[in-house]
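Listed here are the chains, written in short residue letters.
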Amino acid sequence: IEIEIAETSYEQQTGLMYRKSMKENRGMLFTYPDERPHPYFYMKNTYISLDLIYINAANRIVDFNENAEPLSEQSLPSEAPAKYVLEVNGGKVAEWNLTLGDSVIINRD
């Protein structure tokens with residue numbers, strides 16, 4: 001998939017807020033300097049359902065939040081430490097048959 005990278009504080013705070021849609025094979029990758037739990041994700045001002053995929057420093061999937069409800073302010077924490085959080089359109093985790101422990105390749109070309 002093609003991804004946007006959210007590295008700066010502003011990019012991470014804004015994420016996919018205010019967008020009315022996202023193309024089918026697109027996403028946003030949040031990158032962090034260290035591996036830690038991420039308790040602060042929510043869908044405030046986000047109009048599209050998203051799957052959040054939490055990825056550790058070894059590029060393994062360690063947790064999911066599937067079909068996050070648009071505009072919800074409910075916290076979507078990771079249950080395990082993660083270095084990356086990938087947001088994709090809701091339903092992709094199931095469509096791609098992803099499971100905990102699956103490997104992810106991150107190519108920044």
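Treat the numbers as computed from the prediction; the structure is a model and nothing was measured. (Residues numbered from 1 in each chain as written. Predicted model: local features only at pLDDT ≥ 70, side-chain atom pairs only at ≥ 80, totals over all residues. Heavy atoms only, no water.)

Undergrad: An account of the pattern of salt bridges is needed here, citing residue identities and associated values.
TA: Scanning all chains against the criterion turns up five salt bridges. For Arg19, the salt bridge identified is with Glu4, shortest N-O distance 2.6 Å. Here Arg19 is found in the loop between α1 (9-14) and β2 (26-36), whereas its partner Glu4 is found in strand β1 (residues 2-6), with 15 residues between them in sequence. Across the salt bridge formed by Arg36 and Asp34, the nearest N and O atoms sit 3.3 Å from each other. Judged by relative accessible area, Arg36 falls into the partly exposed class, the value being 32%. Using a relative accessible area of 38% as the deciding quantity, one classes Asp34 as partly exposed. Salt bridges sharing partners connect three or more residues here, namely Glu24, Lys92 and Glu95. (Salt bridge = Lys/Arg side-chain N within 4 Å of Asp/Glu carboxyl O. Helix = DSSP H or I, 4+ residues; strand = E, 2+ residues; numbered from the N terminus. Buried < 20%, exposed > 50% of the residue type's maximum accessible area, 1.4 Å probe, protein only.)

Undergrad: Can you tell me about the sheet that holds β2, naming the residues and giving the values?
TA: Pairing is mixed across the open sheet formed by five strands, whose spatial order is β1-β2-β5-β3-β4. If you trace the sheet from one side to the other, it starts and ends with β1 and β4 (61-68), each paired once. Sheet twist, expressed as the mean angle between neighbouring strand axes with direction ignored, is 20°. (Pairing = 2+ DSSP bridges. Axes fitted to C-alpha atoms, helices over the stretch in contact; angles between N-to-C directions.)

Undergrad: Just give me the short version of the nonpolar core, but keep the residues and values in it.
TA: If you look at the biggest cluster of nonpolar residues, it comprises 18 residues, and the most contacted ones within it are Phe30, Phe41, Leu50, Leu52, Tyr54, Leu76 and Val85. If you list the elements that add at least two residues to this core, you get β2, β3 (50-55), β4 and β5 (82-89). Counting ten residues, the second-largest nonpolar core is a separate cluster that includes Leu29, Ile61, Val88 and Val104. (Core = buried A, V, L, I, M, F, W, Y, C linked by side-chain atoms within 4.5 Å.)

Undergrad: Provide a residue-level description of the side chain of Asn89, including the pertinent values.
TA: Its location among the elements puts Asn89 in strand β5. With residues up to four places along the chain from it excluded, the contact list for Asn89 reads Met22, Lys23, Glu24, Ile48, Ser49, Leu50 and Asp51. (Contact = heavy atoms within 4.5 Å.)

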